[in-house]
2 protein chains.
Amino acid sequence: MRIAQIAPLFEAVPPKLYGGTERVVSSLTEELVAMGHDVTLFASGDSITAAKLLSPWPRALRLDPDMRDWVSTYAMLMEFVYQRADQFDVLHFHVDYWPNSLFSRQKVPFLTTLHGRLDLKEFEAIYSMFPNAPLISISNNQRTPVPHLGWAQTVYHGMPQYLLTPQKVEKRDYFAFLGRISPEKGIERAIRIAQACGVTLKVAAKVDKADEEYFKAEVEPLLSTGGVEFIGEINDAQKPAFLSGAKALMFAIDWPEPFGLVMIEAMACGCPVIAFKRGSVPEVMDDGVTGFIVDNVEEAIAACGRLHELDRDKVRAQFDKRFTARRMANDYVAVYQRLIDQQQATKAA
Amino acid sequence: MRIAQIAPLFEAVPPKLYGGTERVVSSLTEELVAMGHDVTLFASGDSITAAKLLSPWPRALRLDPDMRDWVSTYAMLMEFVYQRADQFDVLHFHVDYWPNSLFSRQKVPFLTTLHGRLDLKEFEAIYSMFPNAPLISISNNQRTPVPHLGWAQTVYHGMPQYLLTPQKVEKRDYFAFLGRISPEKGIERAIRIAQACGVTLKVAAKVDKADEEYFKAEVEPLLSTGGVEFIGEINDAQKPAFLSGAKALMFAIDWPEPFGLVMIEAMACGCPVIAFKRGSVPEVMDDGVTGFIVDNVEEAIAACGRLHELDRDKVRAQFDKRFTARRMANDYVAVYQRLIDQQQATKAA
């Protein structure tokens, strides 16, 4: 199958560090190549892939200090893909509503995976204009604010099967927090839970510019209250040791998380997750197998006392079963094939 | 002629206060209606016009506190116009590169007036993808960074002829600064010139959020050095008295100003302009008639000593001749007709 993957331009594919969407696009692209498909990746020029790379812009926008108008590069990306569209059997976009107007009016089947939250009124307005543009949700819960859109399927994210694996460790004496510091990611609650359990919380996280004020005002004072160790942002090579050594990952979110990659990163390392019941959590987690789903801080503290009931091999087994890049790629290929068949049926009719 | 005007969504048309592009779109729209054309204005729902108003979004974005993703509203605007395009003879866009991909692939002639500076590398990249999309420059100088684009014509801005008129005043004892406080608008130089001349500078200007730091660090200290009176943002009703009472407008810019509406606002009130030779200035100004074109602060100070040589009636007469909305509308209608004729010739061929 001749497949185009169209990635955001903000981070390289794969991203150098943080960057959930670009990471998933990379996993999907590489897996499709491994499966023998003819794949072209449209992404920033500093991306690395076994697919054919086509770039309307040389450098990830987030790292380009001269970039003043990112919108123009997205307009460029759309035109760039459009001019090459007939070389593909299917076009798979990862850039929100950008393709809809233009690609609804050409003949190559296209679909868009929506990677973010959808509860802004302007999103409802723009997506509703295209009831027939096929959309992929990354959890069923993600659809909640806009259930009536042209949803083709939910495809859960996946990761390369052996990118992160369980490591041998001598002892497990801390809880892990991994990702980004922000109110909705629940760092404050994670600290409270760890302190109540008398277990150190190791925080491997970045602080975005937008969250610096929050970090200074709300989080920094907590770091000195004991039992918290801030180790900064970590990369993929550091994650297996970090997650394998943790008693559990604290996923104490307070927002409608559309997927939550960090949960499956933990599972890949056999690390159970204490996950708050928000957004995608009930779909991604298997309660009592890959961790515990909780409703509040009290339940989280109680769940930490039951971690010994879980088998870390079974946590990893659940990852192998549900969240590999191969499973994700197979799901997407099935959707691609369906769209191609529909298109050909329309042509024949 | 059935004409669509497609305005930015950031400010209402006309803007409540500052907002150059929306102001010009309003002047053009109302004048085309007055000339008997069938005009539809695509703009935010709080716009006011004698044309038919169609709005994909109810409120100017700048005034909408809930607006998180302005890009989606522009994507919406494009789709909204596209769905109605065949009701028009010509589509006139004022939203940068937004229409190019989509409207290059339909049959109604369209053009875009570029209202901003064009010296960003990403602008060159996006506009170069559409060598056949007709563009209007608002000065010849504006084209400098990208001379090879599909320029159809330069059309200088205009204003309703009797919106601002010369007022009787008892004495003229100050220089005027009007517009926005920012490094490129030259407020510091204007203050130095006025101080050197021993004339008060009255500053009627807004401070954007982006310029607050600059204002606090560089401008505020100067306000207390004497001879500067800061009166804040003023509206159209206040401008005739403000400009009629001024010895001259200080237009001490330090950037490639693509047009500079404030120059013609001054002319409309018979107020000469001391204008720095940047961007559009040599095209908009008639040196020795509507003011003096200068190269630096010393020349500006010398020019202030020659203001008595100028005749304020002749300043106003130049406005009537060159910068009315009627002249602008006539120029645009000629371009519209040319594009329509070309389109029909293509169809016939």
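Structure first, text after, so check above.
Residues numbered from 1 in each chain as written. Chains lettered and ligands numbered in written order. Predicted model: local features only at pLDDT ≥ 70, side-chain atom pairs only at ≥ 80, totals over all residues. Heavy atoms only, no water.

**Q** Explain the overall build of chain A to me, using residue names and the numbers behind them.
**A** When its secondary structure is counted, chain A shows twelve helices and 13 strands. What you see for chain A is a C-alpha radius of gyration of 21 Å, in line with the 20 Å of a compact globule of 349 residues. The long-range share in chain A, meaning contacts at least 24 apart out of those at least 6 apart in sequence, stands at 64%. Positive and negative side-chain charges in chain A, numbering 38 and 44 respectively, have mean positions lying 3 Å apart. (Helix = DSSP H or I, 4+ residues; strand = E, 2+ residues; numbered from the N terminus. Rg over C-alpha atoms; globule rule 2.2 N^0.38 Å. Contact = heavy atoms within 4.5 Å. Lys, Arg positive; Asp, Glu negative; His and termini not counted. Charge placed at Lys NZ, Arg CZ, Asp CG, Glu CD.)

**Q** Please give an account of the side chain of serine 139 of chain B that cites residues and values.
**A** Residues and elements named next belong to chain B. Here serine 139 lies in the loop between β6 (135-137) and β7 (151-154). Look at serine 139 and you get buried, because its relative accessible area is 0%. Here proline 258 takes part through its backbone oxygen, which lies 2.7 Å from a polar atom of the side chain of serine 139. Those residues in contact with serine 139 that sit more than four places away from it in its chain are Thr154, Tyr156, Pro258, Ser280 and Glu283. (Buried < 20%, exposed > 50% of the residue type's maximum accessible area, 1.4 Å probe, protein only. Polar contact = N/O pair within 3.5 Å; in protein donor to acceptor, adjacent residues only side chain to side chain.)

**Q** Let's hear about the pairing of strand β12 (residues 273-276) of chain B: which residues, and what values?
**A** The side chains of a regular strand alternate, first on one face of the sheet and then on the other. Residue and element names in this part refer to chain B. Neither face of β12 is exposed, since Val273 and Ala275 on one face and Ile274 and Phe276 on the opposite face are all buried. Note that strand β11 (residues 246-251) and β12 share three bridges and pair parallel. The residue of β12 that forms the bridge with phenylalanine 251 is alanine 275. Since β11 and β12 lie parallel, the crossover through helix α8 (residues 261-268) that links them has a hand, and here it is right-handed. (Pairing = 2+ DSSP bridges. Right-handed = clockwise from strand over helix to strand, strands pointing away.)

**Q** Tell me about the interface of chain B and chain A, and please be specific about residues and values.
**A** The extent of an interface is frequently quoted as the accessible surface area lost upon association of the parts. Chain B puts 28 residues into the contact, and the matching count from chain A is 28 residues. Taken together, both faces of the contact between chain B and chain A bury some 2,600 Å²; the carbon and sulfur share is 67%. Counting the contacts that link chain B with chain A gives four salt bridges. With a shortest N-O distance of 3.3 Å, lysine 121 of chain B and aspartate 64 of chain A are connected by a salt bridge. In this structure, the connection of chain B to chain A is made through 14 residue pairs in polar contact (both at pLDDT 80 or more). The set of elements that each furnish at least two residues to the side of chain B that touches chain A consists of α2 (70-82), α3 (100-103) and α4 (121-128) of chain B. Here the element with the most residues in the side of chain B that touches chain A is α2 of chain B; it accounts for eight residues. Of the residues in the side of chain B that touches chain A, the class split is 17 nonpolar, three polar and eight charged. (Buried area = accessible area lost by both parts, 1.4 Å probe. Salt bridge = Lys/Arg side-chain N within 4 Å of Asp/Glu carboxyl O. Nonpolar A, V, L, I, M, F, W, Y, C, P; charged D, E, K, R; others polar.)

**Q** Residues and numbers for the packing of aromatic side chains, please.
**A** All names here are of chain A. Within the structure shown, the criterion is met by 39 aromatic pairs over all chains. Here phenylalanine 10 and tryptophan 70 contribute two aromatic rings whose centre-to-centre distance is 5.3 Å and whose plane-to-plane angle is 55°, an arrangement assigned as tilted. One end of the pair, phenylalanine 10, is in the loop between β1 (2-6) and α1 (20-34); the other, tryptophan 70, is in helix α2 (residues 70-82), and 60 residues separate them in sequence. What makes phenylalanine 10 partly exposed here is its relative accessible area of 24%. (Phe/Tyr/Trp six-rings, centres within 6.5 Å; stacked < 30°, edge-to-face > 60°.)

**Q** Which residues make up the sheet that holds strand β2 (residues 38-42) of chain A, and what values go with them?
**A** Note: strands within a sheet are paired through backbone hydrogen bonds, in either parallel or antiparallel orientation. Residues and elements named next belong to chain A. Strand order in the open sheet formed by seven strands is β3-β2-β1-β4-β5-β6-β7, and the pairing between neighbours is parallel. On the outer flanks of this sheet lie β3 (52-54) and β7 (151-154), each paired with one strand and no other. Strand-to-strand twist of the sheet, defined as the mean angle between neighbouring strand axes without regard to direction, takes the value 25°. As judged from the three bridges shared by strand β4 (residues 90-93) and strand β5 (residues 110-113), these two strands associate in the parallel manner. In the strand pairing of β5, phenylalanine 93 is matched with threonine 112. (Axes fitted to C-alpha atoms, helices over the stretch in contact; angles between N-to-C directions.)

**Q** Report on the relation of the copies chain B and chain A, specifying residues and quantitative values.
**A** If you rotate chain B by 180° and push it 0.0 Å along the axis, it lands on chain A with an RMSD of 0.0 Å. Here the two chains are linked by the operation of a two-fold rotation axis. When C-alpha positions in chain B are compared against the rotation axis, the closest is assigned to leucine 102 of chain B, at 2.8 Å. The residues that chain B uses at the interface reappear at the interface of chain A in 100% of cases, marking a shared surface. (Least-squares fit on C-alpha atoms with pLDDT ≥ 70 in both.)

The values reported here are purely geometric and, on their own, carry no functional implication.
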